[in-house]
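# Descriptive structure summary
Residue strings, one per chain:
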Amino acid sequence: MITAVMPTYGRKDVVFERGEGNYLYATDGRRYVDFTSGIAVNALGHCHPALVKALTEQGSKLWHTSNLFRIGNGEKLAKRLADLTFADTMFFCNSGAEAIEGGIKLIRKYQYMNGHPKRYKIICFQAAFHGRLLNALAATGNEKYLEGFGPPAPGYRHAPLNNANVVRDMIDDETAGILVEPIQGEGGIRETTPEFLKALRAICDEFGLLLFYDEIHTGFGRTGKLFAYEWSGVAPDVMAIAKGMGGGFPIGAFMATEKAAVGMVPGTHGSTYGGNPLATGVANAVLDELLKPGFIEGVHERGKYLKAELEKLVAKHPKVFAEQRGTGFLQGLRCVVPAGEMVDRLQSLGLLVPPAGENVIRIFPALIADKAALDEGIAILEKAAVSFESSKAAE
């Protein structure tokens, strides 16, 4: 049966009518603890007063002008992010997949401008996820997502994560850059090691390649640093950001050093909506909150608490949970029971979590979640584990 909305998602049969902080309320009045956060998007939870204020104030003044004109909010946001990161410059877009595509263009144009027009290949990693546009799909490399869309866009090779020797062996005279997530989200909360990122940086410097980080999942405080690369101290040349950037309002960007962005001159890239006054006004308000004294440090401290509690669950319920993964408020549990069944069981008990690869459920609280909210979610995880154990015992 055809529906007015294309059936491209396996949607859960629940409709939410409002959100408040760490909680969502369905049309039947039921309250849910939200550890999905819009898949790591709602960094400040639902209807944060500062974001509501920024949205309504900007919405009453100016929404959109196009990039034919200067945009004050965008210039302000770009300067702030440049001051806070490795980057000198950036391009605003509307989504993570667009940021990935723009970064790929930047890398290829960099090589062209530096006398290497044949360099176009990007080395990516197994179990990656970079988005659903055609080049982003090819960079992801998941056959399930590629099926039926014709030959994959050329130029993408996939190495195992945390194996620099394989990466080095893949490099040829057509290689342009390396694209990596510091923590693979969709792939199952799989972390890179600092040593691996250092090795990738050294390889890029040796062969004249650009190092491209996908921090769409990991950026804007989710790991307990503003950006995850800060944990290793290994800066990229290019970085894609989105998700938590707008706290739920669609916005993304690809950032770069001045050297890397040499080819991004007038006419090389564009976006009708990207970085409009409304989106960048909200993103500035998100940044205001994240940069308040102690905010991100608090995420780090509560993230350590969350990790310890999840590790306790694994130890206490080894027939249900196999492993804790991740850091900060970007964590997961690899399950022994089917992860899809765990997601459904948790929803029935009042906790919302998304699944991931390798039979993992993701634990993505809003960054505002305090110990009480974390404990509420952990208690539901415990209840779900006991229910699975009881079902197994009854068989």
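Below: a short report on this structure. Quick caveat, the model's predicted, so the values are computed rather than measured.

When you go through the chain residue by residue, the secondary structure sums to 13 helices and 17 strands. Relative to its length of 395 residues, the chain is compact, with a C-alpha radius of gyration of 21 Å against a globular reference of 21 Å. Each principal axis of the C-alpha distribution contributes one length, and for the chain these read about 70 × 55 × 50 Å. Across the 395 residues that make up the chain, the buried fraction comes to 53%. Pairs at least 24 residues apart make up 73% of the contacts formed inside the chain by residues separated by at least 6 positions. Of the roughly 17,900 Å² of accessible surface on the chain, 55% is carried by carbon and sulfur atoms. Side-chain charges of the chain comprise 42 positive and 44 negative groups, with the mean position of each set lying 1 Å from the other.

A few words on the packing of helix α3 (residues 72-84) against helix α10 (residues 277-290). A pair of packed helices is characterised by two quantities: the angle between their axes and the separation of those axes. At their nearest, the axes of α3 and α10 sit 8 Å apart, and the two run at 35 degrees to each other. The way α3 lies across α10 gives a crossing that is left-handed. On the side of α3, the interface is formed by Asn73, Gly74, Lys76, Leu77, Arg80, Leu81 and Leu84, while α10 contributes Pro277, Thr280, Gly281, Ala283, Asn284, Leu287 and Asp288. Here the residues of the contact of α3 with α10 are counted per class, giving six nonpolar, five polar and three charged.

Right, let's get into helix α2 (residues 49-59). Looking only at α2, the buried set comprises Leu51, Ala54 and Gln58. Down the axis of α2, the buried side of the element spans an arc of 65 degrees, and every buried residue falls inside it.

Now for the layout of surface pockets. Over the atoms, a rolled probe matching the size of one water molecule traces out where space is still vacant. For the second largest pocket, the calculated volume is near 620 Å³. What lines the second largest pocket is a set of 27 residues, and nearest its centre among them are Asn67, Thr89, Met90, Phe91 and Phe92. Elements with a minimum of two residues in the lining of the second largest pocket: α3, β4 (89-93) and β12 (252-256). A per-element tally of the lining of the second largest pocket places α3 first, with five residues. Partitioning the lining of the second largest pocket into residue classes produces 14 nonpolar, nine polar and four charged.

Of all hydrophobic cores here, the largest spans 82 residues; its most connected members are Ile178, Met245, Phe321, Met342, Ile361 and Leu381. The element best represented in this core is helix α13 (residues 371-394), accounting for eight residues. Core analysis: the next-biggest nonpolar cluster, separate from the first, contains 25 residues, Ile122, Ala139, Val238 and Phe254 among them.

Another aspect to go through is unusual backbone geometry. In this structure, Glu358 takes a positive phi of about 60 degrees despite not being glycine. If you trace the backbone, Glu358 turns up in the loop between β16 (355-356) and β17 (360-363). Looking at Glu358, the relative accessible area reads 41%, which means it is partly exposed. Of note, the phi angle at Asn359 is positive, near 60 degrees, even though the residue is not glycine. Looking at where Asn359 falls in the secondary structure, it is placed in the loop between β16 and β17. Asn359 sits in the partly exposed class, given a relative accessible area of 28%.

Relative to the assigned elements, Thr223 resides in the loop between β10 (210-214) and α9 (229-232). At 3.0 Å, the side chain of Thr223 and the side chain of Trp231 are in polar contact. Beyond its immediate sequence surroundings of up to four residues, Thr223 is in contact with Ile183, Thr218, Ala228, Trp231, Thr327 and Gly328.

One pass over the structure, following the stated rule, counts seven aromatic pairs. Taking the centre distance of 5.8 Å and the plane angle of 80 degrees together, the rings of Phe129 and Tyr145 count as edge-to-face. Of this pair, Phe129 sits in the loop between β5 (121-125) and α5 (134-140) while Tyr145 sits in helix α6 (residues 143-146), and the two are 16 residues apart along the sequence. These aromatic residues form a ring-pair network of at least three members: Phe86, Tyr213 and Tyr229.

Taken as a whole and assessed by the stated rule, the structure comprises 22 salt bridges. Glu206 is paired through a salt bridge with Arg168; the nearest N and O atoms lie 3.0 Å apart. Placement of Glu206 in helix α8 (residues 194-207) and of Arg168 in helix α7 (residues 164-170) is noted, with a sequence separation of 38 residues between them. For Arg168, a relative accessible area of 34% puts it in the partly exposed group. For the salt bridge of Arg325 with Glu323, the shortest nitrogen-to-oxygen distance reads 3.2 Å. The exposure class assigned to Glu323 is partly exposed, which follows from its relative accessible area of 29%. Via salt bridges that share partners, Arg190, Glu323, Arg325, Arg334 and Glu358 belong to a single interconnected network.

The rules behind each value
Residues numbered from 1 in each chain as written. Predicted model: local features only at pLDDT ≥ 70, side-chain atom pairs only at ≥ 80, totals over all residues. Heavy atoms only, no water. Helix = DSSP H or I, 4+ residues; strand = E, 2+ residues; numbered from the N terminus. Rg over C-alpha atoms; globule rule 2.2 N^0.38 Å. Buried < 20%, exposed > 50% of the residue type's maximum accessible area, 1.4 Å probe, protein only. Contact = heavy atoms within 4.5 Å. Areas by Shrake-Rupley, 256 points an atom, 1.4 Å probe, with all protein chains shown as cover. Lys, Arg positive; Asp, Glu negative; His and termini not counted. Charge placed at Lys NZ, Arg CZ, Asp CG, Glu CD. Axes fitted to C-alpha atoms, helices over the stretch in contact; angles between N-to-C directions. Left-handed = near helix turned anticlockwise from the far one by under 90°. Nonpolar A, V, L, I, M, F, W, Y, C, P; charged D, E, K, R; others polar. Arc of directions from axis to C-beta. 1 Å grid on protein atoms, 1.4 Å probe; cavity = no way out; pocket = protein on both sides within 12 Å on 5 of 7 lines; lining within 4 Å. Points joined across faces, edges and corners; volume = space filled by probe spheres on them. Core = buried A, V, L, I, M, F, W, Y, C linked by side-chain atoms within 4.5 Å. Polar contact = N/O pair within 3.5 Å; in protein donor to acceptor, adjacent residues only side chain to side chain. Phe/Tyr/Trp six-rings, centres within 6.5 Å; stacked < 30°, edge-to-face > 60°. Salt bridge = Lys/Arg side-chain N within 4 Å of Asp/Glu carboxyl O.

Treat this as a map of the structure, not an account of what it does.
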